[in-house]
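One letter stands for each residue in the lines below.
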Amino acid sequence: MTTLADVAELVRAPAALSVPGDVVAGAAAAGALSPRTPALAGASVLLYWAGMAANDWADRRLDAVERPERPIPSGRVTPAAALGLAAGLTAAGVGVAAAVGGRRAAALAVPLAASIWGYDLLAKNTAAGPAVMAACRGLDVLLGASGGNLVRALPSAATVAAHTWTVTTLSRREVTGAAAALPMRTLVGTALVAASAAVAVPGARRADVPGVRSAAALPVLLAGWYAARYGAAQAQVVRDPSAGKVRAAVGAGITGLPALQGALTARGGAGLLGLAVAAAAPLGRRLARKVSPT
């Protein structure tokens, strides 16, 4: 019988802590933070969980060979149940986004959902895979910005998308291990991502954190935290490009994303909220010890 723990493992429940920050960062950049932002973040989480369930359904035969302990190949979740859950979560996520954000939010939630399914079913094992997954995260940031100025949110969307490219590129070597050149490239990408998040944008509001005088100080600190944590894991892969080290780096990239999102949120002037978003990073790392985020 399928248990709640089995479902949590299927959808990588703890990894969803890396998702709301996309919406919050987008809303902060676009000047669209409002009472509807949490609901849009909830819609984003539903779509993320849908993507995880669809991913395991699509990979069920491969996982039977490479990862037989996963919920579907182990028999704890049936393929039909996983597919039904993925479809239901997708409908719920798009529905919530449309209900709270209207047509503008729906116009982003629908292509976001299509990109998620397109990655799982078509693009994942192709050269386009990392780019498609990066587009998913970029659209997620723009979903949060749907109530404001989308153009102002584009730099934040591009930054999160670039981070996602590094994580997805590494994840393709979780089972086989990687040549040292791969983590070296993603490490350079991470440095550029962190630098991008730390750069102040024109017209940024003063940080709302007591004791922080400059609107640029907090984003720099949070971006540095992100770079140190994720960068250290990739440096380990450079020294030892085994499958285990690659998986650890991918996990660090997933659980460390809130620190980057927090930097982007703070850059938009919402410093206290940026700190709250970044606080999900250590929590995600603790939960990842119980349920793998990869």
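Residues numbered from 1 in each chain as written. Predicted model: local features only at pLDDT ≥ 70, side-chain atom pairs only at ≥ 80, totals over all residues. Heavy atoms only, no water.

Asks: Tell me what's going on with the overall build of the protein, and back it up with residues and numbers.
Replies: In terms of helices and strands, the protein carries 13 helices and zero strands. When the elements of the protein are put in sequence order from the N terminus, they spell out α-α-α-α-α-α-α-α-α-α-α-α-α. Radius of gyration (C-alpha) of the protein: 18 Å, near the 19 Å computed for a compact globule of 294 residues. Counting across all 294 residues of the protein, residues that qualify as buried make up 51%. Within the protein, counting contacts between residues at least 6 apart in sequence, those at least 24 apart form 76% of the total. (Helix = DSSP H or I, 4+ residues; strand = E, 2+ residues; numbered from the N terminus. Rg over C-alpha atoms; globule rule 2.2 N^0.38 Å. Buried < 20%, exposed > 50% of the residue type's maximum accessible area, 1.4 Å probe, protein only. Contact = heavy atoms within 4.5 Å.)

Asks: Let's hear about the packing of helix α2 (residues 20–30) against helix α3 (residues 37–58): which residues, and what values?
Replies: Across the interface, α2 lies against α3 with an axial gap of 8 Å and an inter-helix angle of 140 degrees. Between α2 and α3, the crossing angle belongs to the class labelled oblique. For the pair α2 and α3, the sense of crossing is right-handed. Every residue of α3 that contacts α2 at Pro 20, Val 23, Val 24 and Ala 27 is listed here: Thr 37, Leu 40, Ala 41, Ser 44 and Val 45. Of the residues assigned to the contact of α2 with α3, the class counts are seven nonpolar, two polar and no charged. (Axes fitted to C-alpha atoms, helices over the stretch in contact; angles between N-to-C directions. Parallel < 35°, antiparallel > 145°, perpendicular 65-115°, else oblique. Left-handed = near helix turned anticlockwise from the far one by under 90°. Nonpolar A, V, L, I, M, F, W, Y, C, P; charged D, E, K, R; others polar.)

Asks: How would you sum up the pattern of salt bridges? Please name residues and give values.
Replies: Tallied over the entire structure, the rule returns eight salt bridges. Residues Glu 9 and Arg 76 are paired through a salt bridge, measuring 2.9 Å at the closest nitrogen-oxygen approach. Here the residue Glu 9 occupies a position in helix α1 (residues 4–10), and Arg 76 occupies one in the loop between α4 (60–66) and α5 (79–123), the gap between them amounting to 67 residues. Given the relative accessible area of 24%, Arg 76 is considered partly exposed. The network of salt bridges with common partners includes Arg 12, Asp 56, Asp 63 and Arg 70. (Salt bridge = Lys/Arg side-chain N within 4 Å of Asp/Glu carboxyl O.)

Asks: So what's going on with unusual backbone geometry? Which residues, and what values?
Replies: Within the chain, Arg 12 stands out as a residue other than glycine whose phi angle is a positive 55 degrees. For Arg 12, the position within the fold is in the loop between α1 and α2. Take Arg 12: its relative accessible area is 3%, and that puts it in the buried class.

Asks: Provide a residue-level description of the nonpolar core, including the pertinent values.
Replies: With 72 residues, the main nonpolar core has Leu 112, Leu 143 and Tyr 226 as its most contacted residues. Among the elements that make up this core, the one with the highest residue count is α5 (twelve residues). What Leu 112 contacts, discounting residues up to four positions off in sequence, is Leu 47, Cys 136, Leu 139, Asp 140 and Leu 143. (Core = buried A, V, L, I, M, F, W, Y, C linked by side-chain atoms within 4.5 Å.)

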